[in-house]
Amino acid sequence: MGNNLSNYDIIRVVPTLSTDAYAVDDVLFTGVEIPNAVMGNGGCSELKHMFLVDRADSGDIDIDFYFTEKNTAFGTQNASADISTANLKAIGFCGWALLNGAVATSGNNVDNATIHKVMSASDVNESSSPITHLQAEGDSTSVYVHAVIRTGTPTFAADSLDLVFHIQKR
């Protein structure tokens, strides 16, 4: 566009991870801010695509991603996911997406890293996308992402993962 404005953004976020081995159902990270995910305070946007760049090259891992209006924790990092019913109700849940490492991954095509495509929660077809709406709190343009390990026992460096969000702001 000629005026340098677009309602599409690619937002990159690097969550801080535990360097100890994770187990199935452990919180990978929680309450990670996706800044400017919506156009105005309390706005709504659409997550069109999501990718995860795994510089630890962890292989076939499955991860559930949860999107919320608030950054209330899904539990303690590197421990079983545990959030109270009241907090789950109050957190402003927006949507969920799945990284199925066996289906949507770059494999050995990239040395020393694996690029995963995060898919819709209901479809494990690697061409699917995690299309979900993201809503910010009334006084914010940020949305929060939380992740729980579904399979595998990966180990990461503190900055091993890059989250790449393709967002259409409305």
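From a predicted model like this one, the values you see are computed outputs, not experimental measurements. (Residues numbered from 1 in each chain as written. Predicted model: local features only at pLDDT ≥ 70, side-chain atom pairs only at ≥ 80, totals over all residues. Heavy atoms only, no water.)

The next thing to look at is the pairing of strand β7 (residues 132–135). What you see with β7 is a clean split: Thr-132 and Leu-134 sit on the buried side and His-133 and Gln-135 on the side with no burial. As paired elements, strand β3 (residues 44–54) and β7 share four bridges and run antiparallel to each other. Along β7, the bridge assignment pairs Glu-46 with His-133. (Buried < 20%, exposed > 50% of the residue type's maximum accessible area, 1.4 Å probe, protein only. Helix = DSSP H or I, 4+ residues; strand = E, 2+ residues; numbered from the N terminus. Pairing = 2+ DSSP bridges.)

On inspection of all chains with the given rule, the structure shows zero disulfides. Its sulfur unpaired, Cys-44 is 7.5 Å from the next cysteine sulfur, which belongs to Cys-94. Judged by relative accessible area, Cys-44 falls into the partly exposed class, the value being 27%. Assessed through its relative accessible area of 19%, Cys-94 is described here as buried. (Disulfide = S-S within 2.5 Å.)

Moving on, we get to the confidence of the model for the protein chain. Residue-level pLDDT values for the protein chain average 87, and 86% of them are 70 or greater. Per-element averaging of pLDDT across the protein chain places strand β6 (residues 114–120) at the bottom with 73 and strand β2 (residues 27–34) at the top with 97. (pLDDT = per-residue confidence, 0-100.)

As a further point, take the pattern of salt bridges. When the charged atoms of two side chains lie near each other, side chains of opposite charge can form a pair. This structure, assessed with the given rule, holds five salt bridges. For Arg-55, the salt bridge goes to Asp-162, with nearest N and O atoms at 2.9 Å. Of this pair, Arg-55 sits in the loop between β3 and β4 (62–68) while Asp-162 sits in strand β9 (residues 161–169), placing them 107 residues apart in sequence. Of the charged contacts, one joins Arg-150 and Asp-64 as a salt bridge, the two residues approaching to 3.3 Å between their closest N and O atoms. Placement of the pair is Arg-150 in strand β8 (residues 143–151) and Asp-64 in strand β4, with a sequence separation of 86 residues. We classify Asp-64 as buried; its relative accessible area is 8%. (Salt bridge = Lys/Arg side-chain N within 4 Å of Asp/Glu carboxyl O.)

Turning to the nonpolar core, a few remarks are in order. Among soluble globular proteins, nonpolar side chains are generally buried collectively. Formed by 32 residues in total, the largest nonpolar core has its most connected members in Leu-28, Phe-65, Phe-67 and Phe-165. Put simply, the parts of the chain that give this core at least two residues each are β1 (8–13), β2, β3, β4, β5 (93–100), β8 and β9. (Core = buried A, V, L, I, M, F, W, Y, C linked by side-chain atoms within 4.5 Å.)

To continue, consider the packing of aromatic side chains. Within the structure shown, the criterion is met by four aromatic pairs. Ring geometry for Phe-29 versus Phe-65: centroids 6.4 Å apart, planes at 45°, classification tilted. Linking Phe-29 in strand β2 with Phe-65 in strand β4, this pair joins segments that are 36 residues apart in sequence. Both residues of the pair, Phe-29 and Phe-65, count as buried. (Phe/Tyr/Trp six-rings, centres within 6.5 Å; stacked < 30°, edge-to-face > 60°.)

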